[in-house]
Amino acid sequence: MKYIINIINIRRFGYAFLMTLPLWLVACGAGDSGDSAQEFDESLSSDTPFVYVQRSLSDTSEIAVASSIIDNGKTPLDMRSPYDFNSGAILNVQSSVSADARVIDILQPYFDSDSYDVKDLSISKDGRYLLFAAHGPLNSESHHSWNIYEYDFVNDALLRFIEDDQLANAGQDTSPAYGEDGKILFSSDRAAGTVASRMSESELEAIGCYKVASPEKPSLIHSMTRTGGDILQITDGENHDVKLATLTDGRIAFVRWSRSYEVLDNCAADIDTIAPASFIVEAGGLNAPAQWSDEIKCALSEPSELGPLFAKNHYTLFRINTDGTEMQQLYKTVTVAASDEEFLQLDKVVQGGGGQLLALIRHEFNQYSGGDILELQAPTDSGDVSTTIFANISPRSMTNDEINIYPNQLSEHGWYSALWPYRDGTNRLLVSWSQCLTEDEGVSSFCSDTDNSGDVDAQYGVWVFDPRNDTRLPVIRAKKNVIYTELAIALPNQSHFLPFDAFDAEYVDAPNDLGSIVCNDPGTQINPDTDGGTDGGTDGGTDGGTDGGTDGGTDGGTDGGTDGGTDGGTDGGTDGGTDGDTDGGTDGGTDGGTDGGTDGGTDGGTDGGTDGGTDGGTDGGTDGGTDGGTDGGADGGTDGGTENEVPVTEVTDICSGNSADYEIVNQARRLIFPEEQNTCDWGVNGNLSKLDLYFRARREQVLQINLPEGAVLCDMNLSSEANQDMFYDDHFLLTLNDVVFATTYDNFIPMLDSIGENNLPLYDWENIVANSWQVQDETDFCLGDSSVCSWPMSETQGSMTVSLGNRTVEEVMALDIQRNEHELQFVTTGDNNSTDCIHSEFKFDADIKYAVPTVIVP
């Protein structure tokens, strides 16, 4: 097939006028540039490095034109592969914005060549490290694929995570992001989907279906350690999961690009002679362009055994934990219209300082290689899909001006080719921006409505852009035939959290639900990657096993693990063999039993259920995973239990004083939590950076209460010293053996896991950190009907009294009746200021009641 793509060449003009142009442009913003200049000086100080990828603008235009040429049966609708290699990029690290700043190409010495490519810049939470993907020269023995690298701004050191050359070049690795748990996440073709669950070509043909081959292997999310080990695939499908971005809360956002196909039955026989879209688009800004005619759709189709196939692109934004759990769909899927919207690409996704996701949107064949900057609003703010491009992701232009993004269009307000947010809580950005300029007799001037797009000269520079007052300040002056395709600033991440809820927080991953299968019979529904029951098995097994095993714990570990694994394997094998293959049961039983028996209670139920359900579901089918996980978790929970847990009634009997085997002892003790004068340890030991009205950091103090061997704690009353004034900031929690029995903020409780037969709230900082703090919902919490709690308000002086009540203490004691060393913990939290986590000395007179055995059996 041969098609013609009409791209108008770029004309080049003189440069002398542009040497002074950026200086007076600063005054062209809608606001006062003086304020922006002050903010600019504060944020990009003399010792703040920033990074940029520089390319030749003419080269990028040639790449765009070349990618439109039809060969090997591909059409211009094929999105560029994540693995495309275009040498000629330069990765520069500039030490500051000062005139004498050091600028170094950090990859040329590493590769010993200029023929490398680099993209996907990311910055660590503390601003010290640069993460990126790079590809060495094609003839390099050690660097002939895309790999993940890190640069240390402090030590000026460069690291490729996967040290071994053979392992490094065994896959194409791009789109890296930092995980909250120290892992490095990235997109890769290393596993190339889950082959075991796909239908064979012969099976498809037997039911009249046709598989449309992807132009490359799917690029899916993987994780690895900082040493390049433990590489694990965490998403699945025939789609591309790319453009990963670390969110402030530690989770990862990413774009899933997938395809579906429409069989065209009205294409003319001489389709080879029909020219596709001429790229004359009337729409401007975010307005949707006109739909293509059937003739153009036929010209952009690809041949198949079923006739011409017209490809449709689908984009979905997801959020996922760095361990691959709790995948959420942030927005409704964007299915692009059969128009020039097919050529638009969502690029450079990153979280902005205000919390929203930002992205660059551009047309693949725009000869100026630029587009517009989008801020993605809440899913409820989505526009009309018939009038707005990418409406389902609620796009809003951040540039305050209409940016025309289609080829052969003038854009009076220029184009943007790269962005990086300051991540300091404001919406300021570092951007690569080109004005729209024309030249007449050697004099450059701004574009106007009367100019022709063929007279335009695009020249990109790097600017500080403040959308609040529409001002731009120059950092790198615009240069002829230069474009900056990536930017990043070495500043810590202090962005707000995503300010809205996910479109579908309960999303069940169906990675190929849009499919790349076309059937003769429109009523035939084929979904090869999910037909085996991956999702049902994974979710059923994981949830059933995890919940059952965690709640039940371990009664010797062996029972929980053995029964969890046995039943999980048996049911997984039986049902799995019916629906899929017997590996579901074998893997379910082996993994469930081995892990359950080895790790014991909690791990027995969790691992038994998770492994049994996941393996059983993936290999064996929905029933294998569901039954394997359900039975594995149920038995793990029933037979399991914390080793020393007993019914609460047993503790109550002991503490009643009526047992001849125990003697009641009442004891008075003085308990002191020392004064804490230092604020929160921001950014270390599981704490995050400052952010108003979010739980970002805490301090923990623990007091030991040691009882005689075999003693059972029955009751505890704490009262502050008479006339003692106490002070704390912001909130606190009091725990006994990690069970929260008092706190100033009752909304902590739904965040926490529960334990025991009465669902006692179990303190874990990881469940609290990064959650928002609703001032209007501040209410005290005191565990148990028999407990009494009183304390002063935050940041005020007052006395405190806490009586746990015998029933509450008995419930805690029932979790581990043989425990003699008890921990009373005081936790203070903070969000953003210099007094957070500070508290005065807390002195308590403690009345402790416990029962000791009358006879100690050795």
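Keep in mind that what you see is a predicted model, and the values were worked out from it rather than measured.

Analysis parameters
Residues numbered from 1 in each chain as written. Predicted model: local features only at pLDDT ≥ 70, side-chain atom pairs only at ≥ 80, totals over all residues. Heavy atoms only, no water. Helix = DSSP H or I, 4+ residues; strand = E, 2+ residues; numbered from the N terminus. Buried < 20%, exposed > 50% of the residue type's maximum accessible area, 1.4 Å probe, protein only. Contact = heavy atoms within 4.5 Å. Areas by Shrake-Rupley, 256 points an atom, 1.4 Å probe, with all protein chains shown as cover. Disulfide = S-S within 2.5 Å. Axes fitted to C-alpha atoms, helices over the stretch in contact; angles between N-to-C directions. Parallel < 35°, antiparallel > 145°, perpendicular 65-115°, else oblique. Left-handed = near helix turned anticlockwise from the far one by under 90°. Nonpolar A, V, L, I, M, F, W, Y, C, P; charged D, E, K, R; others polar. Core = buried A, V, L, I, M, F, W, Y, C linked by side-chain atoms within 4.5 Å. Pairing = 2+ DSSP bridges. pLDDT = per-residue confidence, 0-100. Polar contact = N/O pair within 3.5 Å; in protein donor to acceptor, adjacent residues only side chain to side chain. Arc of directions from axis to C-beta. Phe/Tyr/Trp six-rings, centres within 6.5 Å; stacked < 30°, edge-to-face > 60°. Lys NZ or Arg CZ within 6 Å of the ring centre and 35° of its normal. Patch = residues over 30% accessible without salt bridge, like charges linked within 9 Å, V, L, I, M, F, W, Y side chains within 5 Å. Salt bridge = Lys/Arg side-chain N within 4 Å of Asp/Glu carboxyl O. Lys, Arg positive; Asp, Glu negative; His and termini not counted. Charge placed at Lys NZ, Arg CZ, Asp CG, Glu CD.

### Overview of the overall build of the chain
Then comes step 1: A count of helical and extended segments in the chain gives 16 helices and 40 strands.
Then comes step 2: The burial tally for the chain puts 56% of its 858 residues in the buried class.
Then comes step 3: Considering only intrachain contacts with a sequence separation of at least 6, the fraction spanning at least 24 residues in the chain is 72%.
Then comes step 4: Entry remark: accessible area of the chain is about 34300 Å², with carbon and sulfur atoms responsible for 45%.

### Details of the state of the cysteines
Then comes step 1: Inspection of every chain in the model, using the stated rule, returns 4 disulfides.
Then comes step 2: Residue Cys-655 pairs covalently with Cys-714 via a disulfide, S to S 2.0 Å. Across the disulfide from Cys-655 to Cys-714, rotation about the S-S bond amounts to roughly -80°, and the bridge is consequently left-handed. Of this pair, Cys-655 sits in helix 13 (residues 648-655) while Cys-714 is found in strand 31 (residues 712-720), placing the two residues 59 residues apart along the sequence.

### A closer look at the packing of helix 13 against helix 16 (residues 806-813)
Then comes step 1: Contact geometry of helix 13 with helix 16 gives a least axis separation of 8 Å together with a crossing angle of 125°. Comparing the axis directions of helix 13 and helix 16 gives the class oblique. Between helix 13 and helix 16 lies a crossing whose hand is right-handed. On the side of helix 13, the interface is formed by Val-648, Val-651, Thr-652 and Cys-655, while helix 16 contributes Arg-807, Glu-810, Glu-811 and Met-813.
Then comes step 2: Considering only residue class, the contact of helix 13 with helix 16 consists of 4 nonpolar, 1 polar and 3 charged.

### Details of the nonpolar core
Considering soluble globular proteins, one finds that nonpolar side chains tend to be buried as a cluster.
Then comes step 1: Formed by 89 residues in total, the largest nonpolar core has its most connected members in Leu-91, Phe-132 and Phe-390.
Then comes step 2: The element contributing the most residues to this core is strand 25 (residues 456-466), with 7 residues.
Then comes step 3: Apart from residues no more than four positions distant in its own chain, Leu-91 is found in contact with Val-51, Tyr-52, Val-53, Ile-104, Asp-105, Ile-106, Leu-107, Tyr-116, Val-118, Leu-121 and Phe-132.
Then comes step 4: Of all hydrophobic cores here, the second largest spans 65 residues; its members include Tyr-694, Leu-736, Val-740 and Ala-814.

### Topic: the sheet that holds strand 27 (residues 482-489)
By definition, the strands of a sheet pair up through backbone hydrogen bonds, in either a parallel or an antiparallel sense.
Then comes step 1: Overall, antiparallel pairing links the 4 strands, which are arranged 3-2-1-27 in an open sheet. Every interior strand has two partners, whereas the edge strands, strand 3 (103-105) and strand 27, have only one. Pairwise comparison of adjacent strand axes, ignoring direction, gives a mean angle of 25° for this sheet.
Then comes step 2: Bridge count for strand 1 (residues 50-56) against strand 27 is 7 bridges, and the pairing is antiparallel. Looking at the pairing, Gln-54 lines up with Tyr-484 of strand 27.

### Things to note about the confidence of the model for the chain
Interpretation of this model should avoid reading the predicted coordinates in detail wherever pLDDT is low.
Then comes step 1: Chain-level pLDDT for the chain is 75 on average; 71% of the residues reach the 70-or-more range.
Then comes step 2: Contacts from residues 65-73, a stretch scored under 50 in pLDDT, to residues over four places away or in other chains number 13 contacts.
Then comes step 3: Across residues 273-278, where pLDDT falls below 50, the model places 16 contacts with residues more than four positions away in sequence or in other chains.

### Thoughts on the side chain of Asn-321
Then comes step 1: Of note, Asn-321 is situated in the loop between strand 15 (309-320) and strand 16 (328-329).
Then comes step 2: One polar contact links Asn-321 to Thr-325, side chain to side chain, over a distance of 3.0 Å.
Then comes step 3: Once residues within four sequence positions are removed from consideration, Asn-321 is found in contact with Arg-251 and Glu-326.

### Describing helix 16
Then comes step 1: Counting buried residues along helix 16, 6 of its 8 residues qualify, which places the element largely inside the surrounding structure.
Then comes step 2: Of the surrounding secondary structure, the elements contacted by the buried residues of helix 16 are helix 13, strand 31, strand 32 (732-736), strand 33 (739-743), strand 35 (760-762) and strand 39 (821-830).

### Quick notes on helix 13
Side chains of residues three or four places apart in an α-helix project in the same direction, reflecting 3.6 residues per turn.
Then comes step 1: What helix 13 keeps buried is the set Val-648, Val-651, Ile-654 and Cys-655. Buried residues in helix 13, looked at end-on, bunch into an arc of 120°, giving them a common side.
Then comes step 2: Residues of helix 13 that are buried make contact with strand 29 (662-673), strand 31, helix 16 and strand 40 (842-853).

### Observations concerning the sheet that holds strand 8 (residues 173-178)
Then comes step 1: Read from one edge to the other, the open sheet built from 4 strands follows the order 8-9-11-12, with strand pairing classed as antiparallel. Bordering the open sheet on either side are strand 8 and strand 12 (232-233), each of which pairs with just one other strand.
Then comes step 2: With 5 bridges connecting them, strand 9 (residues 184-188) and strand 11 (residues 220-224) associate as antiparallel partners. Of the residues in strand 11, the one forming a bridge with Ser-187 is Ile-221.

### As for the packing of aromatic side chains
Then comes step 1: Enumeration according to the criterion identifies 30 aromatic pairs in this entry.
Then comes step 2: Ring geometry for Phe-318 against Tyr-507: centres 4.9 Å apart, planes inclined by 55°, an arrangement best described as tilted. Of this pair, Phe-318 sits in strand 15 while Tyr-507 sits in the loop between strand 27 and strand 28 (517-519), and the two are 189 residues apart along the sequence.
Then comes step 3: Arranged with centres 4.7 Å apart and planes meeting at 50°, the rings of Phe-695 and Phe-748 form a pair that is tilted. On the criterion of sequence distance, the pair formed by Phe-695 in the loop between strand 29 and strand 30 (697-706) and Phe-748 in helix 14 (residues 748-751) is long-range, its members being 53 residues apart.
Then comes step 4: Ring pairs connect the aromatic residues Phe-673, Tyr-728, Phe-732, Trp-791, Phe-826, Phe-842 and Phe-844, which therefore count as one cluster.
Then comes step 5: The residue whose ring lies beneath Lys-119 is Trp-146, and the NZ or CZ to ring-centre distance is 4.6 Å.
Then comes step 6: A cation over a ring is seen here: Arg-428 above Tyr-422, with NZ or CZ 4.6 Å from the ring centre.

### Some details on unusual backbone geometry
Then comes step 1: Put simply, Asp-729 and Asp-730 share a cis peptide bond, and its omega is 0°.
Then comes step 2: With respect to the secondary-structure elements, Asp-730 resides in the loop between strand 31 and strand 32.
Then comes step 3: Not every positive phi belongs to a glycine, and Asn-737 is a case in point at roughly 50°.
Then comes step 4: Position of Asn-737 among the secondary structure elements: in the loop between strand 32 and strand 33.
Then comes step 5: Despite not being glycine, Cys-837 shows a phi value in the positive range, around 75°.
Then comes step 6: With respect to the secondary-structure elements, Cys-837 resides in the loop between strand 39 and strand 40.

### Considering a negative patch on the surface
Then comes step 1: Taken together, the side chains of Asp-181, Asp-323, Glu-326 and Glu-506 make up a negatively charged region of the molecular surface.
Then comes step 2: By the element assignment, Glu-506 lies in the loop between strand 27 and strand 28.

### With respect to the pairing of strand 7 (residues 157-160)
Side-chain direction in a regular strand flips from residue to residue, so the side chains alternate between the two faces of the sheet.
Then comes step 1: Inspection of the sheet shows strand 6 (residues 146-152) paired to strand 7 by 4 bridges, in the antiparallel sense. Each residue of the ladder has a partner; that of Glu-150, found in strand 7, is Leu-159.

### Here's the deal with the pairing of strand 33
Then comes step 1: With respect to burial, strand 33 is a largely interior element, 5 of its 5 residues being buried.
Then comes step 2: Relative to strand 33, strand 32 is paired through 4 bridges, and the arrangement is antiparallel. Along strand 33, the bridge assignment pairs Leu-736 with Val-739.
Then comes step 3: Two elements, strand 33 and strand 36 (residues 781-782), share 2 bridges in a ladder whose sense is antiparallel. Within strand 36, the residue paired with Thr-743 across the bridge is Phe-781.

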